[in-house]
Amino acid sequence: QLQASGGGLVQAGGSLRLSCAASGHSFRSYSMGWFRQAPGKERESVATISSSGAQTSYADSVKGRFAISRGKNVGYLQMNSLRPEDTAVYYCAAQRSEVHGREYWGYWGQGTQVTVSS
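Treat the numbers as computed from the prediction; the structure is a model and nothing was measured.

Chemist: Can you explain unusual backbone geometry? Please cite residues and give values.
Modeler: We note that Ser-81 has phi near 50 degrees; this positive angle belongs to a residue other than glycine. Following the sequence through the fold, Ser-81 ends up in the loop between β8 (74-79) and β9 (88-99). Judged by relative accessible area, Ser-81 falls into the partly exposed class, the value being 41%. A positive phi angle is found at Gln-95, which is not glycine, with a value near 70 degrees. Residue position: Gln-95 is located in strand β9.

Next comes the structure, spelled out in structure tokens:
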């Protein structure tokens, strides 16, 4: 029900825009997020956005370079000034909840590969 797209191969300093299309039912009441996982590393949160779009948060490593945005049933991650260390599989997610201090996401899209060459 979440379909991520827009990944690819780009040179360092370049840009990519990832999209996350939701289907099946309305996702407009859900927060959305982007995560990434590099080979041999744990998955990490990249950016999140509230259901209204008014609140966003970013990992320190991408602040000032990435921008998350959304529509009613679609999310975006604009990635500028890409670096080789941004290379990873990127996943989108929706419906954040928190239980006993732990974060959970109800919906996940398949990953899209982003490769940044030096």
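Chemist: Lay out the side chain of Ser-31 with the relevant residues and their values.
Modeler: Take Ser-31: it is sitting in the loop between β3 (16-22) and β4 (32-37). Of note is the side chain of Ser-31, whose polar atom sits 3.3 Å from the backbone nitrogen of Arg-96. Setting aside residues up to four positions removed in sequence, Ser-31 forms contacts with Ile-49, Ser-50, Ser-51, Arg-70, Ala-93, Ala-94, Gln-95, Arg-96 and Trp-105.

Definitions and cut-offs
- Residues numbered from 1 in each chain as written.
- Predicted model: local features only at pLDDT ≥ 70, side-chain atom pairs only at ≥ 80, totals over all residues.
- Heavy atoms only, no water.
- Helix = DSSP H or I, 4+ residues; strand = E, 2+ residues; numbered from the N terminus.
- Buried < 20%, exposed > 50% of the residue type's maximum accessible area, 1.4 Å probe, protein only.
- Polar contact = N/O pair within 3.5 Å; in protein donor to acceptor, adjacent residues only side chain to side chain.
- Contact = heavy atoms within 4.5 Å.

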